[in-house]
Amino acid sequence: MPTPTDVDIWPLLGVKMTVSDVELSPVDDRTALELGRLAAGGIHGNFLPFSTPWTRGDEVDVARNVFRYHSRMRHEMSPEKWSLEFAARLDHTLIGVQSLFSEHFPTTRSAESGSWLGQAWQGKGIGTLNRIAILTLAFDGLGAQEVTTSAWADNVASNAVTRKLGYEPNGEERLDREGRVTVQKRFRLTREMWESRGPDLRPHVQLDGVEALRAWLALD
């Protein structure tokens, strides 16, 4: 038998998404270290946009949190529960992360997206491109029936992207955020809503390497 390739061993490594001048590719150990340094350089000010305070601490703490998280996601990944973590690059410069995670996807066909960008690349429309790329993977690549997302009520940027892409409200929840009650808003985008926008209403996404991933996730 031929020697297994990297993609044979870990099919996610073959997946790539390209939209406009942004490319998304899987996070490996080296990239996780680089993402740690990017996050340590700043994602937000005092405002905390995440459900867990992984960006709190000094630069080494933050970088280490990022590396540990991505290592754990790869270690725990299986067809029953997965988080597909992609590094976003603008003109080959690392700028952030876009992810898609799910449990029991072959049955539910439901997944949730998450993301972050380094501060220098926020407010430039890149978050919208990243979200369109991951939605294309979910709906067109993996056969999702819905994709959900959530954000704190005061996360203006994330909620603006969500509204722009046509999600519908999907409830809200009062949660503790660093000792203070804060409303987390939830949103849902169905396949019908996604397809109703039509490819002419969103940038083209070049999607590569999905077939091996589909087979690994038991979707064929």
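Residues numbered from 1 in each chain as written. Predicted model: local features only at pLDDT ≥ 70, side-chain atom pairs only at ≥ 80, totals over all residues. Heavy atoms only, no water.

(A) How the structure looks around the packing of aromatic side chains. Applying the stated criterion across every chain, the model contains three aromatic pairs. Ring plane angle 20° and centroid distance 5.5 Å describe the contact between Phe-139 and Trp-194, whose orientation is recorded as stacked. With Phe-139 in helix 5 (residues 126-141) and Trp-194 in helix 7 (residues 191-197), this residue pair connects regions lying 55 residues apart in the sequence. Judged by relative accessible area, Trp-194 falls into the buried class, the value being 2%. The ring of Trp-194 has Arg-202 sitting right over it, with the charged end atom 3.9 Å from the ring centre. (Phe/Tyr/Trp six-rings, centres within 6.5 Å; stacked < 30°, edge-to-face > 60°. Helix = DSSP H or I, 4+ residues; strand = E, 2+ residues; numbered from the N terminus. Buried < 20%, exposed > 50% of the residue type's maximum accessible area, 1.4 Å probe, protein only. Lys NZ or Arg CZ within 6 Å of the ring centre and 35° of its normal.)

(B) Geometry of the nonpolar core. Counting 41 residues, the largest nonpolar core has Trp-82, Leu-84, Phe-86, Leu-137 and Leu-142 as its most contacted members. The biggest single contributor to this core is helix 5, with nine residues. Excluding anything up to four places from it in sequence, Leu-137 contacts Val-15, Met-17, Leu-84, Phe-86, Leu-142, Leu-207 and Val-210. By size, the runner-up hydrophobic cluster in this structure holds twelve residues, among which are Leu-35, Leu-38, Ile-43 and Leu-94. (Core = buried A, V, L, I, M, F, W, Y, C linked by side-chain atoms within 4.5 Å. Contact = heavy atoms within 4.5 Å.)

(C) The arrangement of helix 5 in detail. Taking 1.5 Å of rise per residue, 16 residues should cover 22 Å, and helix 5 covers 21 Å from first to last C-alpha, within 8% of that figure. The element helix 5 is extensively covered by neighbouring structure, given that 14 of its 16 residues are classed as buried. Of the residues flanking the end of helix 5, it is Gly-143, one or two places downstream, whose phi is positive at about 80°. (Expected span 1.5 Å × (residues − 1).)

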